[in-house]
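Chain residues, written in single-letter form:
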Amino acid sequence: MKVLILGVNGFIGSHLSHRILTDTDWEVYGMDLGDNKLTGVIGNSRFNFIEGDISINKEWIEYHIKKCDVVLPLVAIATPKTYIEDPLGVFELDFEENLNIVRQCVKYNKRIIFPSTSEVYGMCADQAFEEDTSHLILGPIRKQRWIYSCSKQLLDRVIWAYGERHGLDFTLIRPFNWIGPRLDSLETAKEGSSRVVTQFIASLVFTQPIVLVDGGRQSRSFTYIDDGIDAVMKIIRNENSIATGQIFNLGNPANNCSIEELAHKLLDMFKSHPAHRLDDAYSEIIIQDADSFYGESYQDIYTRVPSIKKAKEILGWEPRVGLDDALKKTLEAFLEEVSRGNG
Ligand code: UGA
């Protein structure tokens, strides 16, 4: 099988490439702006990488959509701080550029696995979000945070319609706060624009305060990347077309945890880490209001728990890595990076 991964150097793309090359005989064709997360993958004879930009290198992309069996367009801005700072950039990249890819999959009759997001459920009040019944609840237009959710939701709807009307073979996946090594970077965290786990780890490494936005009562169901990749592999294999035309929440409801609890867990793990047990000082945990942390056009999501009934029944998938283990592995990987001098 030939798999095209756009955004192959990203968090999901790099882990997925690694898994494909380790567990299968498939070939990967990948494009990204850089290759810093592809150590151990670059150089493999079944990995074909080109440095490029999806908004520029369109001929390469079209040629490879024709050539490959399945397409994963993973290029997107996915950090809330950027939704506020550059909403049009989010729309142009996450929506417009990806729409071109979707249309080419329709044109060349190729299977697409598209990353939707847990964010499409927005402020849904359901205790556990269901793919086919939960309502998708967004805030007012002036709250630009929702432009990401809205862009992704519209693409979900467009892909669904192409499936119904033009026979597009698709699966929509909704990752719920996947975490692990290489999630964002400590560099972006220095500017305050990483997702929360990396942000907190960076605060610990640089002995900066850990900021609980609005007190940290919000919760997320953190999911370890290896579990997420297990599900994506089943979806790529798509035995008996089980995943075709389906939407799957890929998250770990058992790992639901408040941001405040997350901060304390990471602080405790950092303090007991052999390399930091004897540090002179540690980060303090402080509270800041959302308007001053993100800007006025931010709005938070307070609860976000996936129902994973569908993924269990159809894919036979269940996440296995508990929260403490997932956080330890993620922290350890970042600390190793720092000790190698890449932090
Ligand atoms: C994320 C991103 O939108 C996407 O990466 C993705 O589609 C989706 O959710 C997902 O991964 O499932 P969110 O969970 O809000 O959204 O992003 P984080 O930046 O990780 O924030 C999580 C929570 O921590 C928020 O409530 C935020 O206010 C809080 N936070 C963040 C803090 O309290 N302190 C910080 O320093 C950073």
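Coordinates for the structure precede this section.
The shown structure was predicted, so the numbers you read here are calculated from the model rather than taken from an experiment. (Residues numbered from 1 in each chain as written. Predicted model: local features only at pLDDT ≥ 70, side-chain atom pairs only at ≥ 80, totals over all residues. Heavy atoms only, no water.)

**Considering the pattern of salt bridges**
It is possible for side chains of opposite charge to pair when their charged atoms get near one another.
Now for step 1: Across all of its chains, the model carries 16 salt bridges by this definition.
Now for step 2: Between Lys-107 and Glu-62 there is a salt bridge; the shortest N-O distance is 3.3 Å. In this pair, Lys-107 is assigned in helix H4 (residues 87-107) and Glu-62 in helix H2 (residues 58-67), connecting sequence segments 45 residues apart.
Now for step 3: Relative accessible area serves as the criterion here: at 57%, Lys-107 is assigned to the exposed category.
Now for step 4: When its relative accessible area of 23% is taken as the criterion, Glu-62 is described as partly exposed.
Now for step 5: Salt-bridge contacts for Arg-165 lead to Glu-164; the nearest nitrogen and oxygen are separated by 3.9 Å.
Now for step 6: Since its relative accessible area comes to 68%, Arg-165 is described here as exposed.
Now for step 7: With a relative accessible area of 55%, Glu-164 lands in the exposed category.
Now for step 8: Because the salt bridges share partners, they merge into one network encompassing Arg-19, Asp-230 and Arg-320. (Salt bridge = Lys/Arg side-chain N within 4 Å of Asp/Glu carboxyl O. Helix = DSSP H or I, 4+ residues; strand = E, 2+ residues; numbered from the N terminus. Buried < 20%, exposed > 50% of the residue type's maximum accessible area, 1.4 Å probe, protein only.)

**Re the site of the ligand**
Now for step 1: Close to the ligand lie 26 residues; Tyr-83, Thr-117, Ser-118, Glu-119 and Arg-220 are nearest.
Now for step 2: Here Tyr-148 contributes a side-chain N or O atom positioned 2.9 Å from an oxygen atom of the ligand.
Now for step 3: If the ligand stood free it would expose 710 Å²; the protein chains cover 96% of that surface.
Now for step 4: Of all the elements in the fold, those that place two or more residues in the shell around the ligand are helix H3 (80-85), helix H7 (196-205) and strand S8 (210-213).
Now for step 5: Split into classes, the residues belonging to the shell around the ligand amount to 15 nonpolar, five polar and six charged. (Near = heavy atom within 4 Å. Polar contact = N/O pair within 3.5 Å; in protein donor to acceptor, adjacent residues only side chain to side chain. Areas by Shrake-Rupley, 256 points an atom, 1.4 Å probe, with all protein chains shown as cover. Nonpolar A, V, L, I, M, F, W, Y, C, P; charged D, E, K, R; others polar.)

**Here's the deal with the nonpolar core**
Now for step 1: The biggest cluster of nonpolar side chains holds 62 residues, and the ones touching the most others in it are Ile-5, Leu-16, Ile-20, Leu-72, Ile-236 and Leu-250.
Now for step 2: In contact with Leu-250, other than residues within four places in its own chain, are Ile-173, Arg-174, Pro-175, Phe-176, Trp-178, Thr-223, Ala-231, Val-232, Ile-235, Ala-311 and Trp-317.
Now for step 3: Met-31, Val-71, Phe-114 and Ile-159 belong to the second largest nonpolar core, which has 25 residues in total. (Core = buried A, V, L, I, M, F, W, Y, C linked by side-chain atoms within 4.5 Å. Contact = heavy atoms within 4.5 Å.)

**Observations concerning the sheet that holds strand S11 (residues 246-250)**
Now for step 1: Taken in spatial order, the seven strands of this open sheet run S3-S2-S1-S4-S5-S6-S11, and their pairing is parallel. This sheet does not close on itself; its edge strands, each paired only once, are strand S3 (47-51) and S11. Each strand axis lies, on average, 15° off the axis of its neighbour in the sheet, ignoring direction.
Now for step 2: This element, H2, spans strand S1 (2-6), strand S2 (27-32), S3 and strand S4 (70-73) of the sheet and lies at about 150° to S1. (Pairing = 2+ DSSP bridges. Axes fitted to C-alpha atoms, helices over the stretch in contact; angles between N-to-C directions.)

**Regarding the packing of helix H9 (residues 259-271) against helix H12 (residues 323-339)**
Now for step 1: Running from amino to carboxyl end, H9 crosses H12 at an angle of 55°, the nearest separation of the two axes being 10 Å. Judged by the inter-axis angle, H9 sits oblique to H12. In the crossing of H9 with H12, the sense of the turn from one axis to the other is right-handed. For the pair H9 and H12, contact is made by Leu-262, Lys-265, Leu-266, Met-269 and Phe-270 and by Leu-323, Asp-324, Leu-327, Lys-328, Leu-331 and Leu-335, respectively.
Now for step 2: The residue makeup of the contact of H9 with H12, split by class, is eight nonpolar, no polar and three charged. (Parallel < 35°, antiparallel > 145°, perpendicular 65-115°, else oblique. Left-handed = near helix turned anticlockwise from the far one by under 90°.)

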